[in-house]
Amino acid sequence: MKNKVSIQVLMLSCFMGLYPVSIQAQVDTSRLASQKDLIDILKKLFKVDQQKIDSTRLKKKFQFSLIPVAGSVAGGGKAVATAFNASFYTDDESTTSLSTITFTPWFTLDGKFVLPFRDLIWLPNDALLLKGDTRFMIYPQYTWGLGGNTNEGDKALLQYNYLRLYHSCLKKIGRKLYIGAGYDLDFHFNNSLKNDSVLATIPFYDYIKDYNQQTTSSGPVINFSIDTRRNSANPPRGVYFAVDYRFNLKSLGSTYDWQSLLIDARKYFSFSKRQQNILACWSYYWAVTNGHAPYLDLPSIGWDYYNRSGRGFEQNRYRGRQLLYFETEYRRDLTRNGFWGFVIFTNVHTVSEYEGNGFVYWHPAAGTGLRIKFNKISRTNIGIDIGFSKGFTGVYLSLGEAF
């Protein structure tokens, strides 16, 4: 059985310094005192009074989380990474959701490099939502062609550089209802392919020629969302529903004219007010609705917005013009002080076949994980998960929850 370690860090992000206010607003200090996190334990080593620690931390405008991690990554190579997360409110906590900032650079000893920066900013009273994803990647990765019935041995190693710019602004038009627009750019360049046998078997489009040139997908995106979560990094409860419709236009530099749709739905059920005891459900549908999308921009498992879907599968294992995904995770504290916790999850997905464009093959996975409370104020956890499917086992290190 294959074993790999993927460094995929779930965090949302914001522009540092924008309307910072204290995270102290309306935090239950008595409940906070009964909770423990890694920062408490580290400071206790220096014999600092616990009440003084909590009082000092609550007065800070930003709550920081920073962990170094190391391991192997998909595509091969030993990786070193740093996961940085900062959380804050731009206004009173009772009327404004938690904003966060993420910067998680990592590299491998054989020259692979990923530089991601993500932002999710809630302005005062949640009147505006600014979100974005900016990243640069030097990224080798295997591909198995299109469809849900590809053979494990029929894979080709892709090598490419990748620049992504996704930025949108959404305006509140109702209670937790938002609509807006933005601009998305996917630019793949310096592409090379060691084995073209997989792509050569795909009919209808010459994807080998398509891949061996640099490709650009550039154009506006229309955003709609409903979000009742107050903390998107580790939601205690709430609902999230989002629809993004994207137009990629030659007039804006795209290699082809094409359009895509992403529908993302999440629901969190809480069974306790004192401890984490949550059932989280996630589903998304991602599809090319019109035109010819470049091969690397087609829907693929593990390439969702935060690269967190498909635990138990190698990223990019299944690809098609449509992808449908379901996941359920149970999250529970192991200790009364919330320091230790665990999760159990299962997921299933399917991609469309290149002949007929229908869903035929379904791929399930399951797993479990350990949680260590890193920052009790922002509810940030260190996650260590193991996921498995037929023929593959993956270990995932994260700062924050998968969804």
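This part is about the overall build of the chain. Counting secondary structure elements, the chain contains five helices and 18 strands. In the chain, buried positions account for 55% of the 403 residues. For the chain, restricting intrachain contacts to residue pairs at least 6 apart in sequence, the fraction spanning at least 24 positions comes to 63%. On the chain, roughly 16800 Å² of surface is accessible, and the fraction owed to carbon and sulfur atoms is 61%.

Let's shift gears to the pairing of strand β10 (residues 215–227). As paired strands, strand β9 (residues 177–193) and β10 are joined by 12 bridges and run antiparallel to one another. Within β10, the residue paired with Asp184 across the bridge is Gly219.

Moving on: the side chain of Thr150. On the secondary structure map, Thr150 appears in the loop between β7 (128–143) and β8 (156–174). Taking relative accessible area as the criterion, Thr150 reaches 18% and is therefore assigned buried. With sequence-adjacent residues up to four places away left out, Thr150 is seen in contact with Trp144, Gly145, Arg317 and Tyr318.

Looking now at the environment of Val343. Tracing the sequence through the fold places Val343 in strand β15 (residues 340–351). With near-sequence residues (within four places) excluded, Val343 lies in contact with Glu329, Tyr330, Arg331, Thr368, Gly369, Arg371, Asp385 and Glu401.

Evaluated as defined, the whole model comprises 18 aromatic pairs. With 5.4 Å between their ring centres and 70° between their planes, Trp122 and Tyr178 make a pair best called edge-to-face. Highlighted residues: Trp122 in strand β6 (residues 113–122) and Tyr178 in strand β9, separated in sequence by 56 residues. On the basis of relative accessible area, Tyr178 is assigned to the buried category, the value being 0%. An angle of 35° between the planes, with centres 5.6 Å apart, marks the rings of Trp282 and Tyr284 as tilted. Connected via pairs of aromatic rings, a cluster forms that spans Tyr268, Trp282, Tyr284, Tyr325 and Phe403. Positioned above the aromatic ring of Tyr305 is the side chain of Lys131, whose terminal nitrogen or guanidinium carbon lies 5.9 Å from the ring centre. The residue whose ring lies beneath Lys267 is Phe269, and the NZ or CZ to ring-centre distance is 5.1 Å.

Its place among the elements puts Phe247 in strand β11 (residues 238–248). Separated by 28 residues in sequence, Phe247 and Gly219 place their C-alpha atoms 5.3 Å apart.

Looking now at the pattern of salt bridges. Tallying each qualifying case throughout the model produces 18 salt bridges. Between Arg118 and Asp133 there is a salt bridge whose closest N-O contact spans 3.7 Å. Of this pair, Arg118 sits in strand β6 while Asp133 sits in strand β7, and the two are 15 residues apart along the sequence. Each member of the pair, Arg118 together with Asp133, is buried.

This paragraph deals with the pairing of strand β16 (residues 363–375). As paired elements, β15 and β16 share 10 bridges and run antiparallel to each other. Of the residues in β16, the one forming a bridge with Asn347 is Ala365. Taken together, β16 and the strand that follows it, strand β17 (residues 380–389), pair antiparallel across an intervening segment of four residues, in which Arg379 is found at a positive phi of about 60°.

Looking now at unusual backbone geometry. Even without being glycine, Asn307 reaches a positive phi, approximately 55°. Structurally, Asn307 can be placed in the loop between β13 (277–291) and β14 (322–333). By relative accessible area, Asn307 is classed as buried at 9%. Notably, Asn357 is not glycine yet its phi reads approximately 60°, a positive angle. Locating Asn357 in the fold gives a position in the loop between β15 and β16.

Ranked by size, the top nonpolar core spans 37 residues in total, and within it Tyr139, Leu158, Tyr160, Tyr284, Tyr295, Leu298 and Trp303 carry the most contacts. Where this core is concerned, the elements lending two or more residues are β7, β8, α5 (207–211), β12 (258–270), β13 and β14. For this core, the element with the highest residue contribution is β13, accounting for six residues. In this structure, Ile39, Phe339, Ile372 and Phe374 belong to the second largest nonpolar core, which totals six residues.

Another point: a nonpolar patch on the surface. A cluster of nonpolar side chains, Leu334, Trp340, Leu370 and Ile384, forms an exposed patch at the surface whose accessible area comes to about 340 Å². One can find Trp340 in strand β15.

This next bit is on the confidence of the model for the chain. Mean pLDDT over the chain stands at 83; residues scoring 70 or higher make up 79%. Counting contacts from residues 3–27, a segment whose pLDDT is below 50, to residues more than four positions away or on other chains yields 124 contacts.

A separate point is the environment of Val288. Looking at the element boundaries, Val288 is found in strand β13. Val288 sits in the buried class, given a relative accessible area of 7%. As a C-alpha pair, Val288 and Gln259 span 29 residues in sequence and 5.9 Å in three-dimensional space. Those residues within four positions of Val288 in sequence are excluded, and the remaining contacts are Trp258, Gln259, Ser260, Ala293, Leu298, Pro299 and Arg321.

Parameters and conventions
- Residues numbered from 1 in each chain as written.
- Predicted model: local features only at pLDDT ≥ 70, side-chain atom pairs only at ≥ 80, totals over all residues.
- Heavy atoms only, no water.
- Helix = DSSP H or I, 4+ residues; strand = E, 2+ residues; numbered from the N terminus.
- Buried < 20%, exposed > 50% of the residue type's maximum accessible area, 1.4 Å probe, protein only.
- Contact = heavy atoms within 4.5 Å.
- Areas by Shrake-Rupley, 256 points an atom, 1.4 Å probe, with all protein chains shown as cover.
- Pairing = 2+ DSSP bridges.
- Phe/Tyr/Trp six-rings, centres within 6.5 Å; stacked < 30°, edge-to-face > 60°.
- Lys NZ or Arg CZ within 6 Å of the ring centre and 35° of its normal.
- Salt bridge = Lys/Arg side-chain N within 4 Å of Asp/Glu carboxyl O.
- Core = buried A, V, L, I, M, F, W, Y, C linked by side-chain atoms within 4.5 Å.
- Patch = residues over 30% accessible without salt bridge, like charges linked within 9 Å, V, L, I, M, F, W, Y side chains within 5 Å.
- pLDDT = per-residue confidence, 0-100.

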